[in-house]
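# Fold and contact review
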Amino acid sequence: MATFTNRATLSYNGGTIDSNTVTGTFLETLAITKTATVESYSTGSCVTYAVSLVNSGSTPFTGLTLTDDLGGYDLGGTTVYPLSYVDGSILYYINGALQADPEIGTTPPLTISGVSVPAGGNSLLVYTVDVGAAAPPIVGGTIVNTATVSGGGLPEDLNATETITAENQPALSITKTLNPTAVPENGTITYSFLIENRGNTDAVATDNLTVSDVFDPILTITSVTLNGVALTAGTDYTYDEATGTFATVPGLITVPAATFTQDSDGNYTILPGSAVLVVTGTI
């Protein structure tokens, strides 16, 4: 709610005198809310935001500009943006009816111009953003995102803020390699399995990680190690020499969380946590 003040001046016989000051209040008839479709994010994911404008007054608003700060924050005197607008994703509705796309700015922060809200009606702007490398991936990381509506005769800007948090979970991948790639009959080969965690949380025993494979040709296993430590058949893994089916015991493998460093441009570099399973045998 905004207020305004005003006073008059009376001039006579070369002098002036001021009146009393009167104070008035602008009654807000335009309301703004901002909602994200998800509560958490990860680097490389997408988030869709919906900004709702509701006009409870009898006069339409035209020529409004919506500015989205894209979660920008200060880093050493420079604003970095963890979010970026996905070109062509804007949807603009007035009273539920889809409209032509409004004008979109080309540089951050995101600006959407030419927005109108009819008297006693509503407008809805829906758009998608990409989560970039400047989004904090650490445990407790957040993106605080504010939309501001200005212009169109508004006595003061209107703001709505939405906060989403970094996903707190492992993000695992596995890569298998063979050495050597050409092997004679009755030769020895080694399969290596690199398990990486790009998430901000350890993969622990209760996550029940299991590596399984069917070796073809069938191996006669001579050794199995996890991070250089020998494993025991039947206790740490199972292997069927008739079918070549191999599996580690659920929960045996754990993988530490990734570590994160932020450069001067605001981008985070991810160093994955890892575990290495090695199976050696003859064929």
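Whatever comes next refers back to the structure up there.
Below you will find a few notes about this structure.

Each value, and the rule that gives it
- Residues numbered from 1 in each chain as written.
- Predicted model: local features only at pLDDT ≥ 70, side-chain atom pairs only at ≥ 80, totals over all residues.
- Heavy atoms only, no water.
- Pairing = 2+ DSSP bridges.
- Helix = DSSP H or I, 4+ residues; strand = E, 2+ residues; numbered from the N terminus.
- Buried < 20%, exposed > 50% of the residue type's maximum accessible area, 1.4 Å probe, protein only.
- Lys, Arg positive; Asp, Glu negative; His and termini not counted.
- Salt bridge = Lys/Arg side-chain N within 4 Å of Asp/Glu carboxyl O.

Our focus in this paragraph is the pairing of strand β22 (residues 220–226). Working note: regular strand, side chains alternate between the two faces of the sheet. For β22 and strand β28 (residues 273–282), the ladder comprises six bridges, and the chain directions are antiparallel. Residue pairing for β28: T225 is matched across the bridge by V278. Two elements, β22 and strand β23 (residues 229–230), share two bridges in a ladder whose sense is antiparallel. Residue pairing in the sheet places T225 in a bridge with A230 of β23. In sequence, β22 turns back onto β23 through a hairpin of two residues, with N227 there showing a positive phi of about 55 degrees.

Another point: the sheet that holds β28. The five strands are arranged β19-β20-β28-β22-β23 in an open sheet whose pairing can be described as antiparallel. In this open sheet, the two edge strands, each paired with only one partner strand, are β19 (172–179) and β23.

Within the fold, E196 resides in strand β20 (residues 188–197). The charged side chain of E196 is buried without a salt bridge, its nearest counter-charge being R198 at 4.3 Å.

In spatial order, the strands read β6-β18-β17-β8-β15-β14; together these six strands make up an open sheet with mixed pairing. Bordering the open sheet on either side are β6 (40–41) and β14 (103–104), each of which pairs with just one other strand. Summarising the sheet, β14 and strand β15 (residues 110–117) pair through two bridges and their orientation is antiparallel. Across the sheet, E103 pairs through a bridge with S113, a residue of β15.

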